[in-house]
Amino acid sequence: MSHWQQNTRNTLKGADKCNAFFYSEQFTEQNFPIKIPLEFANLIDKRNPNDPLLKQVLPQIKIEQQGFSVEPLEDEKNSPVAGLIHKYPNRVLLIASRVCAIHCQYCFRQNFNYSEHDAISNWQAIEDYIRTHPQINEVILSGGDPLSLSDEKLQVLISNIERIPHIKNLRFHTRSAVVTPSRITVELVKMLDKTRLSVVLVTHVNHANELSNKFAKAIQQLTRVTLLNQSVLLKDVNDSVSVLSTLSSDLFALGILPYYLHLLDKVSGAEHFLVDDATATKLHRELGKKLSGYLVPRLVRDENLAAKTWL
Ligand code: SF4
């Protein structure tokens, strides 16, 4: 078992363990089970009940609010083949794994029907679909988290994708990279170095406090990969110009360009994270005044049937 797999066993699960670890009584079991890797938990200030990293993993009692639902994006409506989501003409998204290193309490896929959508076991049907759609030139690996797959399984998946001639780009969307930097193994780096595909890795970082030295060291090994970041705009986590501008500057110092700032997908249980549209637009405008243009992420919202909406 590799180092990162051992590390994923060092994970806090359940309210009792978390309360003991953080000397707290804040954790209660709600809809989405608690899961916090120690590499992330150790970045949280135990003396601060409002720590912005803590807020992301702390379940809250649901507040009934209009517009929130169990499956806000209705991904299955855009899934012509199990395990594959096709919303945009040139690219498809694969549900590469149902597992995540961390459970983010704002996650829009927390109720997703993963058992019906496993891209690995349904690969042949997925390949047939992609081969009959030559306009597709990019495959996006998502989940769950694609980096929760072992290096061996990832290699098989990448080799399968490489065999389809019209696929040029391979994109990873991953939160594992930042919450468990030990996942960036030498084997993974070699795998991404040698593929014929152009690789883009989109890290999911919401606050500069997540950018540990371990992460900085790990990510700098990915010299042949285009590094981008997406964040979710979360109330009491990163809804200020100073927090967002520090995040952009610190990401850039690591060679990562801020790409998207997502408005919250309205999933039940995440109501307390909502930043309303007017506040978000104002924040974004202020950010644009403070930062160079290339450091300002695009403010976007995912729509359930159409594409992203630019705000
Ligand atoms: S890592 Fe991504 S998919 Fe997994 S719980 Fe967090 S937001 Fe959801």
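Definitions and cut-offs
Residues numbered from 1 in each chain as written. Predicted model: local features only at pLDDT ≥ 70, side-chain atom pairs only at ≥ 80, totals over all residues. Heavy atoms only, no water. Helix = DSSP H or I, 4+ residues; strand = E, 2+ residues; numbered from the N terminus. Rg over C-alpha atoms; globule rule 2.2 N^0.38 Å. Buried < 20%, exposed > 50% of the residue type's maximum accessible area, 1.4 Å probe, protein only. Arc of directions from axis to C-beta. Contact = heavy atoms within 4.5 Å. UniProt positions renumbered as here; feature names shortened; annotations may be inferred.

**Things to note about the overall build of the chain**
Right, on to step 1. When helices and strands are tallied, the chain shows eleven helices and eleven strands.
Right, on to step 2. The globule rule puts the C-alpha radius of gyration for 311 residues at 19 Å, and the 19 Å found for the chain is close to it.
Right, on to step 3. Its C-alpha atoms give the chain principal-axis dimensions of roughly 50 × 45 × 40 Å.
Right, on to step 4. Counting all 311 residues of the chain, 56% fall into the buried class.

**So, helix α8 (residues 186-194)**
Right, on to step 1. By the burial criterion, the buried members of α8 are Leu188, Val189, Met191 and Leu192. Down the axis of α8, the smallest arc covering the buried residues is 160°, so these residues share one side. Exposed and facing more than 90 degrees away from the buried side of α8 are Lys190 and Lys194.
Right, on to step 2. Each element contacted by the buried residues of α8 is listed here: α6 (151-162), β6 (169-174) and β7 (198-204).

**Section: the UniProt feature "binding site: [4Fe-4S] cluster" (unreviewed entry) in the chain**
Right, on to step 1. According to UniProt, the positions carrying the feature "binding site: [4Fe-4S] cluster" (unreviewed entry) are Cys100, Cys104 and Cys107.
Right, on to step 2. With respect to the element layout, Cys100 can be found in the loop between β4 (91-95) and α5 (123-131).
Right, on to step 3. Apart from residues no more than four positions distant in its own chain, Cys100 is found in contact with Lys35, Gly144 and Asp145.
Right, on to step 4. Here Cys107 lies in the loop between β4 and α5.
Right, on to step 5. Discounting residues that sit within four places of it in the chain, Cys107 has contacts with Phe32 and Val267.

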